Amino acid sequence: MNKSLKKTLAAAAAAALLAAVPAAAETIKFGMNAPQGDNPEWNALVAFKNHVEYKTEGEISVQLFPSAQLGAERACAEQVQQGTVEVCLVDTGALAGFYNDIQVLSIPYLFKSSAHAWKVFDSKFFADLAEDMRAQTGIRVMAWGENGFRDFTNNVRPIRSPEDLDGLKMRVMESPVFIRFVESFGAAATPMPGSEIIMAAKQGVIDGQENPAQVNYDYNLMDVQKFMSTDEHILGVHAYIISDKFFDKLTDDQKAVVMEAALLASRVENTQKLAGAKKYIDLIKEKGVEVHMTTMAEKAAFAEVSQEPVLEYLREQVGAELVQALLDTAATYEPELYGK
């Protein structure tokens, strides 16, 4: 066999071998703040990973990084924007520094329930908000999820009406929205990091605070509080974000799978958050905390007092048109759910 023929055969064999080997897999690094374990966030990420790897037959592998291994939420979002991390699960509050209009989601008593919120997440308003943020920042929201309703707790008295907050010293996040919200009831807003709540309550610096039930229990905040009301004043919203640079590299089929997986993950998180609510309320009651289950009528009374001061601030920040569009969108889904 001459050398020329040998080279030709060798080249053909090499080409056949390469054709038989699948293309190098894309890798998605997926970060979040929540820890690994049986919780809605982790279970959502596992669902995302399993679906992507199964549907792409290994063309895309997913590595999960819980417990802020890739940085806290803002840092993770920044890496997604830069394209050094592919996907993160972040609270929308962490996105305000990248996209100012996301603040509109802080309207108190916007959602009447989790089911109401889920309907609105699927609306054109949220799709348009996501597209505008993608165009401005390069951060694409694949899906929206529930990060828990925030509730009032305190050491003075049960909170059943707006008047019950009058005069209380309430810890809030270091946010103008939350300061205005609490002050609208005549309470004294005391901004401080969450890590200082327990000591501040023990020392009498604050009477109460507001957080989701899961946070109240997991971080032992109920060890220093006597009363809790499930008024569900502001819903934390999670965003499943992906680098637009990375997304654009994917094939059409891969894009469809990734988007489908994100929607699946959000559904897992949403249902497990709501299903777990009773668990945390029961655990909080076991600590001796008196829990008031707030009615729809009571929520309406809280909203009447507190919504407008916050809306006034948000109109200044994001524009009256955007604020009204979200209010109108939320209202359109109420008859479908509540028969009004």
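Structural notes, computed from the coordinates. (Residues numbered from 1 in each chain as written. Predicted model: local features only at pLDDT ≥ 70, side-chain atom pairs only at ≥ 80, totals over all residues. Heavy atoms only, no water.)

Details of the overall build of the chain
At step 1: In terms of helices and strands, the chain carries 14 helices and 11 strands.
At step 2: Among the 340 residues that make up the chain, the fraction classed as buried is 50%.
At step 3: For the chain, contacts bridging at least 24 residues in sequence account for 74% of all contacts bridging at least 6.
At step 4: Element-wise, carbon and sulfur atoms account for 53% of the exposed surface of the chain, whose accessible area totals about 15700 Å².
At step 5: Side chains of the chain carry 32 positive and 47 negative charges; the gap between the two charge centres is 7 Å. (Helix = DSSP H or I, 4+ residues; strand = E, 2+ residues; numbered from the N terminus. Buried < 20%, exposed > 50% of the residue type's maximum accessible area, 1.4 Å probe, protein only. Contact = heavy atoms within 4.5 Å. Areas by Shrake-Rupley, 256 points an atom, 1.4 Å probe, with all protein chains shown as cover. Lys, Arg positive; Asp, Glu negative; His and termini not counted. Charge placed at Lys NZ, Arg CZ, Asp CG, Glu CD.)

With respect to the nonpolar core
At step 1: Ranked by internal contacts, the top residues of the largest apolar core, which has 60 residues, are W144 and I241.
At step 2: With 7 residues, helix α12 (residues 296–318) is the largest single contributor of residues to this core.
At step 3: In this structure, I241 is in contact with A77, V80, E86, V87, C88, V90, L95, I139, R140, V141 and M142, ignoring residues within four places of it in sequence.
At step 4: Core analysis: the second largest hydrophobic core is formed by 28 residues, I28, I60, L64 and V87 among them. (Core = buried A, V, L, I, M, F, W, Y, C linked by side-chain atoms within 4.5 Å.)

Section: the packing of α12 against helix α13 (residues 320–332)
At step 1: As a packed pair, α12 and α13 sit with axes 7 Å apart at the nearest point and diverge in direction by 125°. The orientation of α12 relative to α13 falls into the category oblique. The segment α12 lies against α13, with L311, L314, R315 and V318 engaging A320, L322, V323 and L327.
At step 2: Each residue belonging to the contact of α12 with α13 can be placed in one class, and the counts come to 7 nonpolar, no polar and 1 charged. (Axes fitted to C-alpha atoms, helices over the stretch in contact; angles between N-to-C directions. Parallel < 35°, antiparallel > 145°, perpendicular 65-115°, else oblique. Nonpolar A, V, L, I, M, F, W, Y, C, P; charged D, E, K, R; others polar.)

Overview of the pairing of strand β6 (residues 169–172)
At step 1: One ladder, built from 4 bridges, connects β6 with strand β7 (residues 188–191); its direction is parallel. Among the inter-strand pairings, K169 is bridged to a residue of β7, identified as A188.
At step 2: Tracing the backbone out of β6, into helix α6 (residues 176–183) and back to the parallel element β7 gives a crossover that is right-handed. (Pairing = 2+ DSSP bridges. Right-handed = clockwise from strand over helix to strand, strands pointing away.)

Re the side chain of N216
At step 1: Considering the arrangement of structural elements, one finds N216 in helix α8 (residues 213–218).
At step 2: Among the residues examined, N216 registers a relative accessible area of 0% and is labelled buried.
At step 3: Setting aside residues up to four positions removed in sequence, N216 forms contacts with T153, Q209, N211, L221, M222, M228 and I284.

Quick look at the pattern of salt bridges
At step 1: Per the stated rule, a full pass over the model turns up 17 salt bridges.
At step 2: Across the pair E232 and K299 runs a salt bridge, and its minimum N-O distance is 2.6 Å. Of the two residues, E232 is situated in the loop between β9 (227–229) and β10 (235–243) and K299 in helix α12; the sequence distance between them amounts to 67 residues.
At step 3: Taking the relative accessible area as the measure of exposure, E232 reaches 24% and is therefore partly exposed.
At step 4: Salt-bridge contacts for D282 lead to K278; the nearest nitrogen and oxygen are separated by 2.5 Å. One end of the pair, D282, and the other, K278, are both in helix α11 (residues 277–286), 4 residues apart, so they sit about a helical turn from each other.
At step 5: A residue is classified by how much of its surface remains accessible, and D282, at 29% relative accessible area, is partly exposed. (Salt bridge = Lys/Arg side-chain N within 4 Å of Asp/Glu carboxyl O.)

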